[in-house]
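# Understanding the architecture of this molecule
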Amino acid sequence: MKKKLNITIEENLLEKIKLYAEERETSVSNLVQEHFETLIKPPATLPNGMTLVEYMKSLPKSKIEFPEGMDWKDEYYRAKAKKWGYEDLL
């Protein structure tokens, strides 16, 4: 069930929000509701209260061996050329 909520904000901010909502084909009420839902959503948690950096370091190392001095930029462009059928132009 929906309930009404009255808020007081600056007039120029309200006008900007109305334009923003109109551009996105939604209502101001929907924007407020989505924002409130974002505010109360529980944060994503990592195992054992780790930080993201700690978690990434805890992941197993890759078993793929890459050659020393590999030209990553060249490999990137070769893969794109292969994907789009331009291999013969390289």
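Throughout what follows, the structure given in this document is the object of discussion. Model, not experiment: these values are computed from the prediction.

Conventions used here
- Residues numbered from 1 in each chain as written.
- Predicted model: local features only at pLDDT ≥ 70, side-chain atom pairs only at ≥ 80, totals over all residues.
- Heavy atoms only, no water.
- Patch = residues over 30% accessible without salt bridge, like charges linked within 9 Å, V, L, I, M, F, W, Y side chains within 5 Å.
- Areas by Shrake-Rupley, 256 points an atom, 1.4 Å probe, with all protein chains shown as cover.
- Salt bridge = Lys/Arg side-chain N within 4 Å of Asp/Glu carboxyl O.
- Helix = DSSP H or I, 4+ residues; strand = E, 2+ residues; numbered from the N terminus.
- Buried < 20%, exposed > 50% of the residue type's maximum accessible area, 1.4 Å probe, protein only.
- Phe/Tyr/Trp six-rings, centres within 6.5 Å; stacked < 30°, edge-to-face > 60°.
- Lys NZ or Arg CZ within 6 Å of the ring centre and 35° of its normal.

## Some details on a nonpolar patch on the surface
Judged by side-chain polarity, L5, I7, I9, L13, F36, L39 and I40 come together as a nonpolar surface patch covering roughly 730 Å² of accessible area. At 3 residues, helix α2 (residues 28-40) tops the list of elements feeding residues into the nonpolar patch. Take L5: it is sitting in the segment before α1 (11-23). Owing to a relative accessible area of 55%, L5 belongs among the exposed residues under this scheme.

## Here's the deal with unusual backbone geometry
Phi is positive for E25, which is not a glycine, with a value near 50°. Note that E25 resides in the loop between α1 and α2. Classification of E25 as exposed rests on a relative accessible area of 75%. For N48, which is not glycine, the phi torsion reads 55° and is therefore positive. Relative to the helices and strands, N48 is located in the loop between α2 and α3 (52-58). Classification of N48 as exposed rests on a relative accessible area of 77%.

## With respect to the pattern of salt bridges
Evaluated as defined, the whole model comprises 2 salt bridges. With a shortest N-O distance of 3.4 Å, E23 and R24 are connected by a salt bridge. Measuring nitrogen to oxygen at the nearest pair gives 2.9 Å for the salt bridge that ties D74 to R78. Remark: R78 and D74 occur in helix α4 (residues 72-84); sequence separation between them is 4 residues, near one turn of the helix. The exposure class assigned to D74 is partly exposed, which follows from its relative accessible area of 30%.

## Thoughts on the packing of aromatic side chains
All told, the structure shown has 1 aromatic pair when counted by the stated rule. Here the aromatic rings of Y76 and Y77 are separated by 5.2 Å at their centres, their planes lie at 80°, and the arrangement is edge-to-face. Judged by relative accessible area, which is 47%, Y77 ranks as partly exposed. One Lys or Arg, R24, reaches over the ring of Y20 and ends 3.7 Å from the middle of that ring.

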